[in-house]
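# Architecture at a glance
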Amino acid sequence: MTNKALIPLLVGMMLLTGVCNTLFTKYQDNQCVRNCDDPDPTKRKRFEQPVLQTAQMFVGEVGCWLIVGFMAAYQRYASRKSPNANGYEAVSTGDAETNDAEQQPLTSAPAKRRSAGPDGLLRGFGILLLALPAICDILGTTLVNAGLFMVAASIYQMTRGALVLFVGLFSVVFLHRKLHLFQWVSLIGVVVGVALVGLAGYIWPDVKAEASDVLRQAAEDAASADALRAVLGVVLIAGAQIFTATQFVLEEFLLERSSIDAIQVVGWEGLFGLAVTLICMLVLHLAVGRTDAGRYGMFDMVEGFRQMTEYRAVWVSSVLTMISIGGFNFFGLSVTRSVSATARSTIDSCRTLFIWIVSLGLGWESFKWLQVAGFALLVYFTFLFNGVVQPPLKFLRPEEEVEELLPEEPIEHN
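Our focus in this paragraph is the overall build of the protein chain. Along its length, the protein chain carries 15 helices and four strands. Residues counted as buried form 47% of the 414 residues belonging to the protein chain. Here the contacts in the protein chain between residues at least 6 apart in sequence split such that 83% fall between residues at least 24 apart. As displayed, the protein chain has an accessible area near 20500 Å², and 66% of this comes from carbon and sulfur atoms.

Put into structure tokens, the structure is as follows:
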């Protein structure tokens, strides 16, 4: 359980690592890895390896097993020093009960996962079911990484706000949750917000963002290649949220029927995701990367590892990204059940805002007023959907208690 005094620190670290995840990945995308000395800037090639970036994300998730091992060792050490281990039991007093109460988490949800190992659906070989959300994570993360090549970091982060749309729809279809009228209105508002952000990228495209080799050739004949790349990037990122929402719904389904620590879920998904990603990288390299058309592209695994190992900026940012993702998962899981929906929504909004500010400060993008309008709509309607703010019109306010869509509260892994 989380001590109240530590929650502000954990929230701050969750926010910091969440911001770093996006900024480190975008920094990596901006690195030149081939023909860097060519006087013609159009012939210089940047680091464009979305599948390899997906693999490094899973390495960060696998790092959560280090935390699991440390926690198990600490509990074993603490149990040996406990008087109860020698047959003694302390007499309870009122003061002790008061002190214990102060250490309780902010939420009143009962602790369900205290068993020695997974049970329910995830017992034994059932743990392999976690490969399903891991595969969704592979697809979603690879698509957003490809989209990040083409758009600014802030537009990337804002477009990921479309996640609430697909989570809401999938919760109704697959988990049989009920959405109230104000939530349906919120989903429409989120779509409008994402559309405005994408429109801002289309009207004022980020000239520094370039498409991958596979997509650049198709866009060269267009009158406005930069604008089309920005739109394509937004479409890829928004479409990726379908897989992320599917991942959330699968995790919700499995966790409702199992007893397992959330950080172990991340660790298992990291192992399965890394294994599947490496297998897919090998298959794609043999099928596409070795061909003349695929050489030096995103499926050329040998070239990808060469770029990552030979260029210091790339491998340093890879290591920092892995550490940041591992930290984000740990801090996020530490506070997600100890803070309110208001706090979680505020953290997500602050994460986007800080990414935007840093990107502007580094000169990675330009300021766009239309993007401000889209971001404002995204924040407001996401807050409205989560019940952080009340519906402005009386007929939108529900008369009955609003059902929580995902009681297990899964969080984004990157």
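Moving on from the model shown.
Under the defined criterion, the tally for this structure stands at one disulfide. Here cysteine 32 connects covalently by a disulfide to cysteine 36, the sulfurs 2.3 Å from one another. The sign of the S-S torsion, about -115 degrees, decides the handedness of the disulfide formed by cysteine 32 and cysteine 36: left-handed. Given a relative accessible area of 29%, cysteine 36 falls into the partly exposed group.

Right, let's get into the environment of valine 190. Positionally, valine 190 belongs in helix α8 (residues 181-203). The exposure class of valine 190 is buried, given its relative accessible area of 1%. A C-alpha to C-alpha distance of 6.9 Å links valine 190 and threonine 382, two positions 192 residues apart in sequence. Discounting chain neighbours no more than four positions away, the residues touching valine 190 are Gly161, Ala162, Val164, Leu378, Phe381 and Thr382.

Moving on, we come to the packing of aromatic side chains. For the structure on display, the rule yields nine aromatic pairs. Ring centres of phenylalanine 166 and phenylalanine 170 lie 6.4 Å apart, and the angle between their planes is 45 degrees; this geometry places the pair in the tilted category. Pair noted here: phenylalanine 166 and phenylalanine 170 are both in helix α7 (residues 163-174), with a separation of four residues, about one helical turn. Classification of phenylalanine 166 as buried rests on a relative accessible area of 16%.

Counted by the stated rule, this structure contains six salt bridges. The residue arginine 257 makes a salt bridge to glutamate 256 at a minimum N-O spacing of 3.5 Å. Residue arginine 295 is joined to aspartate 292 by a salt bridge in which the shortest nitrogen-to-oxygen separation is 3.0 Å. With relative accessibility at 69%, the residue aspartate 292 sits in the exposed group. In the salt-bridge network here, residues are joined through shared partners; they are Arg177, Glu252, Glu256 and Arg257.

A separate point is the side chain of lysine 368. Inspection of the secondary structure assignment puts lysine 368 in the loop between α14 (341-361) and α15 (369-385). It is glutamate 365 that comes nearest to the buried, bridge-free lysine 368 among opposite-charge side chains, at 4.5 Å. Once you skip the residues sitting within four places of it in the chain, lysine 368 turns out to touch Ala200, Trp204 and Trp356.

In contact at an axis separation of 7 Å, α8 and helix α10 (residues 225-256) are set at 155 degrees when each is read in the N-to-C sense. With respect to α10, the element α8 is oriented roughly antiparallel. For the pair α8 and α10, the sense of crossing is right-handed. Residue-level inspection shows Gly198, Gly201 and Tyr202 of α8 in contact with α10, the latter providing Ala227, Ala230, Val231 and Val234. Looking at side-chain class alone, the contact of α8 with α10 contains five nonpolar, two polar and no charged residues.

Our next topic: the environment of leucine 128. In this structure, leucine 128 sits in the loop between β3 (119-120) and α5 (131-148). It is 8.1 Å that separates the C-alpha atoms of leucine 128 and phenylalanine 272, two residues lying 144 residues apart in sequence.

Turning our eyes to something else, we now look at helix α12 (residues 301-310). Listing the buried residues of α12 in full gives Met301, Glu303, Gly304, Gln307 and Met308. In an axial view of α12, the angular spread of the buried residues amounts to 165 degrees, which keeps them on one side of the axis. The outward face of α12, more than 90 degrees from its buried face, is lined by the exposed residues Val302, Thr309 and Glu310. Where α12 is buried, its residues touch β1 (32-34), α2 (50-62), α11 (262-289) and α13 (312-335).

All right, on to the confidence of the model for the protein chain then. Mean pLDDT over the protein chain works out to 82, with 81% of the residues at or above the 70 mark. Note on residues 96-116: pLDDT is under 50 here. Beyond four places in sequence and across chains, it has 29 contacts. Between residues 217-223, whose pLDDT stays under 50, and residues either more than four places distant or in other chains, the model counts two contacts.

Rules and cut-offs
Counting of residues starts from 1 at the beginning of each chain's written sequence and follows it residue by residue. At least 70 in pLDDT is required for a residue's local features to be given in this predicted model, at least 80 for side-chain atom pairs to be given and counted, and no such filter applies to totals for whole chains, interfaces and linings, which use all residues. Note that the side-chain values use all heavy atoms of the structure and ignore hydrogens as well as water. Every helix listed is a DSSP run of H or I at least four residues long, and every strand listed is a run of E at least two residues long, numbered separately from the N terminus. Exposure is judged per residue with a 1.4 Å probe applied to protein chains only, and the accessible area is read against the type maximum: over 50% gives exposed, under 20% gives buried, and values in between give partly exposed. Contacts are assigned to residue pairs that have any heavy atoms within 4.5 Å of one another. Accessible areas in this description were obtained via Shrake-Rupley with a 1.4 Å probe; residue shielding takes into account the shown protein chains only. The disulfide criterion is simple: two cysteine sulfur atoms within 2.5 Å. For this analysis, a ring pair means two rings from Phe, Tyr or Trp (six-membered ring only for Trp) whose centres lie within 6.5 Å, classed as stacked if their planes differ by under 30 degrees, edge-to-face if by over 60, and tilted for the remaining angles. Salt bridge, as applied in this entry: a Lys or Arg side-chain nitrogen positioned within 4 Å of an Asp or Glu carboxyl oxygen. Positive charges come from Lys and Arg alone, negative charges from Asp and Glu alone, with His and the N- and C-terminal ends not counted. Between N-to-C directions, angles span 0 to 180 degrees; the directions come from axes that are lines fitted to C-alpha atoms, helices contributing only their stretch in contact. Each angle gets one of four labels, with under 35 degrees taken as roughly parallel, over 145 as roughly antiparallel, 65 to 115 as roughly perpendicular, and the rest as oblique. Should the near helix be turned anticlockwise from the far one by less than a right angle, the crossing is left-handed, and should it be turned clockwise, the crossing is right-handed. By the convention adopted, Pro, Cys, Tyr, Trp, Phe, Met, Ile, Leu, Val and Ala count as nonpolar, Lys, Arg, Asp and Glu as charged, and the other residues, Gly among them, as polar. Here the arc refers to the set of directions running from the helix axis out to each C-beta atom. The pLDDT value tells you how sure the predictor is about a given residue, anywhere from 0 up to 100.

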